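Descriptive structure summary
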Amino acid sequence: MKGYYMFPDIRGNTVAFTSDDDIWIMDLSQNKPIRLTSGIGVSIRPKISLDGKRVAFTVIWLKSGKSGGDIYVTGDGESKRVTFFGTNNSRVAGWISEDEIIVITNFHTPFVQWTEAYKVNINDGNFEKLPFGIVSNVAIRDDIIVLARGYQDLPFWKGYKGGTKGELWISYNNGKTFTKFISLDGIVSWPMIVNDRVYFLSDHEGIANLYSVNLDGKDLRKHTNFTEYYCRNASSDGNRIVFQNGGDIYLYDPKSEQLIKLEIDLPTDRKKRQPKFVNVTEYMTEAVVNGNYISLVSRGKIFLMRPWEGPAVQLGSKQGVRYRQIQLLPNGDVIAVDDSDKLVILGKDGSEKKIDKDFGRIERVKVSPDGKKVLISNNKLELWLYEIESNSAKLIDKSEYDIIFGMDWHPNSEWFAYSLPEGHNTQSIKLGHISGKVVRVTSPYGFDFSPSFDPDGRYLYFLSARHLDPTNDKLIFNLSFQRVVKPYLLVLSNAYSPFNQPLEEVSDKKEIELEGIEDRVIPFPVDEDNYVQIAGAKNNKIFLFSYPIRGFRSFTGEIYGKLEVYDLDSKTKELFADNVSGFSLSGDKSKILVMFKDSLRLVDVNAKIDFNAQGKKGGVVDLSRVKVYVEPEREWKQMLWETWKLMKQNYWDEKNLPNWDSVLAKYEKLLDRISTRFELSDLLQEMQGETRTSHSYESAYDYETPEPLSTGGLGAEFEFDKENKCYKIVKIYVGDPTNENERSPLRDPGVQLNVGDCIKAVDGEEVKNNLYYYLLNKDQAILDVITRDGKNRRVTVKVLKDERFLIYRYWVERNREYVHEKSKGRLGYIHIPDMMFQGFAEFYRLFISEFDKDGLIIDVRFNRGGSISGLLLEKLMLKRMGYDIPRNGKPIPVPFFSSPKVLIGITNEYAGSDGDIFSYLFKKYKLGVLVGKRTWGGVVGILPRYRLLDKTYISQPEFAVHFEDIGLGIENHGVDPDIEIEIKPEDYAEDKDPQLDKAIELALKEISK
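Residues numbered from 1 in each chain as written. Predicted model: local features only at pLDDT ≥ 70, side-chain atom pairs only at ≥ 80, totals over all residues. Heavy atoms only, no water.

Moving on to the overall build of the protein. Tallying secondary structure elements over the protein gives 10 helices and 73 strands in all. A compact globule built from 1009 residues would reach a C-alpha radius of gyration of about 30 Å, and the protein, at 31 Å, matches this within 12%. Projected onto the principal axes, the alpha-carbon positions of the protein cover approximately 100 × 85 × 65 Å. With 1009 residues in all, the protein has 58% of them scored as buried. In the protein, of all internal contacts separated by at least 6 residues, the share reaching a separation of at least 24 is 55%. Here the protein carries 136 positive and 147 negative side-chain charges, and the mean point of each set is 1 Å from the other. (Helix = DSSP H or I, 4+ residues; strand = E, 2+ residues; numbered from the N terminus. Rg over C-alpha atoms; globule rule 2.2 N^0.38 Å. Buried < 20%, exposed > 50% of the residue type's maximum accessible area, 1.4 Å probe, protein only. Contact = heavy atoms within 4.5 Å. Lys, Arg positive; Asp, Glu negative; His and termini not counted. Charge placed at Lys NZ, Arg CZ, Asp CG, Glu CD.)

Below, the structure written as structure tokens:
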């Protein structure tokens, strides 16, 4: 059977590779692959030992969104874990002896992009950092060391030429000094030393192929001429070279210059390709109710059932088609959108009727109460009305700013309401009639959303972020709007509002009277909150769904909200349910279906949910009746097609995808060779990469592996003391110990260990090998310690689940102290790790104590991007113009919280996206000199909203950042600093930061002017 072959390695006449999520070896003289691993995870990137008897490789785990990874070694039929770095960004670069391997990993670095080389003993797991600094690959032969920096494998961005494109450095004296000797206009990766030449892969001529140079970096030669698929993941034993291309493995012999494709017949049962059942709630995305029926979508499949009894019937195509945007018709049939973006009507009797009209990418669907009409919004920002009986459609409205997400029908099925984006951050509510008549009923200057009609036709409810009542920020000199959303009510006829009833009794009017309608908007008498949805129900009940206001940094996992009900008769509001993921009302709005993490409950809108009761009494819908049967082979074909289609529909400039129709066939022909979800990810990423544009991502949710166990840490570094047989503390990471997560557990009260103390045992077990082995999956641990003065202590410590934040803080605080020391307190230092919530918090955490210095160094190296660069630049542009002199104390800058006039920026090749933009605008606004390296170069942004049917996140580059002077010049190039400063490998070895040093030098020079 022909498989999908990846990550090859060669040693003599033996080739190792990954296929079917396992490591295989094959003797080239026999061509009979032998499986070395089975079921421990996704086993990738094998490296064969020098004697050919063992293989080191990476195992990655991905289960229900939880990921991890580490290095294993297999030999004599047993696989053994040899590292406990706890990151799937770890891989073996090669063997340096029978007992030692080189591992590239981001273990104990302040940023995920920062990877370094470690020497690891495979017998005891002890490791030692090599003095190369940031590297992505290493090749060694005798005294010659070749280091690679930048990307090594970038399937999702072909043709990349930005700041992280990769370059090679060489040392001729066993690492004492290095010289950059290869840098091309494209990715340079996978260096290999063969005889007197360095071979590598590069796509600087369009498609990645195999090249080589001599040891002086000259005499560039091209050795392969592939034109369809990229050459990837090359490896060599010093004599011959193997690499993958389009799911195949090729062998190249430099001596004979012969290239052959290895014919591999894989003896596998392709277990992960076999049909299976999956959990209905884990993959449930929608649930609706109408009359006596409930319909839901799980894993892209539609099911119909009665609430309390009877079968759950799957409607539509059983496999190979994904459905979404379901609505129940009054007769119990289901209307939905299939993956060709066509409306389909699926009957209870098994019938299926497809509406052959092209509405573009359908984003929202809303069926009228009479079941005869459908409102449709699409990715073209349009709103359409489709009439089922006449099979006719008319365009109702179109926005110039965003998708129309909110819409609802009047109970008479003639009028409807929708929220129209009127500006970049404004929306109005409009009323529409089936005749095509449209009337705006709220002004276009607020943010109005979630329209919902009263089921009796008297009112239109909606939410609005119009009530702007600022509060003081508790830390920085600023005001903010924390709770701005209120529910509103529009009286549809010329009648009294329910909040102002006359003395005499009046009857309700249920017609819509347009004259003066914009004057009949009334706020509910409730406080503002973070409301996200409102829904009018029977018996004067209004449901309000809100999310808690919480800090971004402390929040992880899925979002659950609070569902309240407002009684229009009693004018009271009370909690209906908490920890809710969503809800929907029945067609007549008499019942409510509430979605929780693992359950559905259906109750009358007048009832209160009895959470202690099960079955019908508690409204619990029996979901065990729903059997979600999956055929991976057909799912994968659908997912590949949908990924391709979404790119075609949403890519920012269709003219830049001229051959996109041919791309699908190019990768579809490899589908039959795919046998696991991991292999599909590789295929999807390669196809996404054909856009040759940034932000073309695929991020899977589950590889069907064991769930990863957390690898604990103690916020310190250790080395093994052979004499005392214990792990000596050689460094303790410290940020600000009074802040949460900024202190090593070794410095907790009652523990108070120090550098030089030695850990002898963990939980009573003597530490005989890698210390981190004994911390695996632990929350607390008991340590037996020999103190540096020879005493014995036993202490209990908490084990950190993730040390990276503490290590980041240590890096920042060390930089800040260095800047203070070198400038004698005249300069401040601020690092911004991203342009999201953490970056915002980190900026102000440092700014409040640094802003009154004579100058500031603004460091955006390793910035991962986001969207808040403008907020930070706004603060930096507010320049200090004077001082407010108090009678006592120091002068106060005016304007308050303004920046000093002297600013110096630092950026590097790992600063990208909004980090690119910040770097560019720092220069453009002439805030100061920018030093460092050319940035990442990816500014065609995304709106993350699409997931495939197995919860895989995919993105399409939708928004290209264009500047007046350089146009699209940042994309796939980056931002060039004013002064380029290189950090050489030997600088890392000597703990030097020439970029920071240059920034300090320039700032002090400016201050002295």
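The subject of this paragraph is helix α4 (residues 677–689). The terminal C-alpha atoms of α4, which comprises 13 residues, lie 18 Å apart, in line with the 18 Å expected from a rise of 1.5 Å per residue. Counting buried positions along α4 gives 13 out of 13 residues, so the element sits mostly inside the fold. (Expected span 1.5 Å × (residues − 1).)

This next bit is on the pattern of salt bridges. Per the stated rule, a full pass over the model turns up 77 salt bridges. Of the charged contacts in the structure, one is a salt bridge between E707 and K66, with a shortest N-O distance of 3.2 Å. You can see E707 sitting in the loop between β56 (698–699) and β57 (716–721) and its partner K66 sitting in strand β7 (residues 66–75), a full 641 residues away along the chain. By relative accessible area, which is 47% here, E707 ends up partly exposed. For K66, a relative accessible area of 45% gives the class partly exposed. Within the structure, one salt-bridge network assembled from shared partners comprises E742, R809, E813, R816, E842, R845 and E850. (Salt bridge = Lys/Arg side-chain N within 4 Å of Asp/Glu carboxyl O.)

Our focus in this paragraph is unusual backbone geometry. Here the bond from V894 into P895 is cis, since omega is -10°, no more than 30 degrees from zero. Notably, D21 is not glycine yet its phi reads approximately 70°, a positive angle. Residue placement: D21 occurs in the loop between β2 (14–19) and β3 (22–27). Note on D21: relative accessible area 2%, which makes it buried. At N777, a position not held by glycine, the phi torsion is positive, near 60°. Examined against the element boundaries, N777 turns out to sit in the loop between β60 (765–766) and β61 (780–786).

Now for the pairing of strand β8 (residues 78–81). Look at any regular strand and the pattern is simple: side chains alternate between the two faces of the sheet. By the bridge criterion, four bridges tie β7 to β8 in an arrangement that is antiparallel. The partner of G75 across the bridge, within β8, is E78. In this structure, the hairpin formed by β7 and β8 is closed by a connection of two residues, where D76 is found at a positive phi of approximately 60°. (Pairing = 2+ DSSP bridges.)

Now for the environment of C726. Mapped onto the elements of the fold, C726 is located in strand β58 (residues 726–732). What makes C726 buried here is its relative accessible area of 0%. Taking the C-alpha atoms as reference, C726 lies 65 Å from V365; in sequence the two are 361 residues apart.

The subject of this paragraph is the packing of aromatic side chains. Scanning all chains against the criterion turns up 67 aromatic pairs. These aromatic residues form a ring-pair network of at least three members: F111, W114, F805, Y808, W811, F862, Y910 and Y988. A cation over a ring is seen here: R149 above W169, with NZ or CZ 4.8 Å from the ring centre. Above the plane of the ring of Y230 lies K158, whose end atom (NZ or CZ) is 5.4 Å from the centre. (Phe/Tyr/Trp six-rings, centres within 6.5 Å; stacked < 30°, edge-to-face > 60°. Lys NZ or Arg CZ within 6 Å of the ring centre and 35° of its normal.)

Turning our eyes to something else, we now look at the nonpolar core. In terms of nonpolar packing, the biggest core is built from 52 residues, with I832, F847, I857 and F918 touching the most fellow members. Tallying contributions element by element places helix α10 (residues 994–1007) first for this core, with six residues. Membership of the second largest hydrophobic core comes to 36 residues, among which are V73, A716, L775 and V795. (Core = buried A, V, L, I, M, F, W, Y, C linked by side-chain atoms within 4.5 Å.)

Once that is clear, we can look at the sheet that holds strand β42 (residues 448–453). Taken in spatial order, the four strands of this open sheet run β42-β43-β46-β47, and their pairing is antiparallel. Of all strands in the sheet, those with a lone pairing partner are β42 and β47 (521–523), marking the two edges. Direction aside, the axes of adjacent strands within the sheet are offset by 30° on average. Where strand β46 (residues 486–491) meets β47, three bridges bridge the pair, whose relative direction is antiparallel. Paired with L490 across the bridge in β47 is V521. (Axes fitted to C-alpha atoms, helices over the stretch in contact; angles between N-to-C directions.)

This part is about the sheet that holds strand β9 (residues 90–95). Overall, antiparallel pairing links the four strands, which are arranged β9-β10-β11-β12 in an open sheet. Strands with a single pairing partner mark the edges of an open sheet, and in this sheet they are β9 and β12 (127–129). Within the sheet, the average angular offset between the axes of one strand and its neighbour, ignoring direction, is 30°. Bridge count between strand β11 (residues 116–121) and β12: three bridges; the pairing is antiparallel. Residue pairing across strands places K119 opposite E128, the latter belonging to β12.

Its place among the elements puts R306 in the loop between β28 (301–305) and β29 (313–315). Residue class for R306 comes out partly exposed when judged on its relative accessible area of 39%. The spatial distance from the C-alpha of R306 to the C-alpha of D469 is 47 Å, given a sequence separation of 163 residues. Here R306 is in contact with N292, Y293 and R625, once residues within four sequence places are set aside. Looking at R306, its side chain comes within polar contact range of the side chain of Y293, at 3.4 Å. (Polar contact = N/O pair within 3.5 Å; in protein donor to acceptor, adjacent residues only side chain to side chain.)

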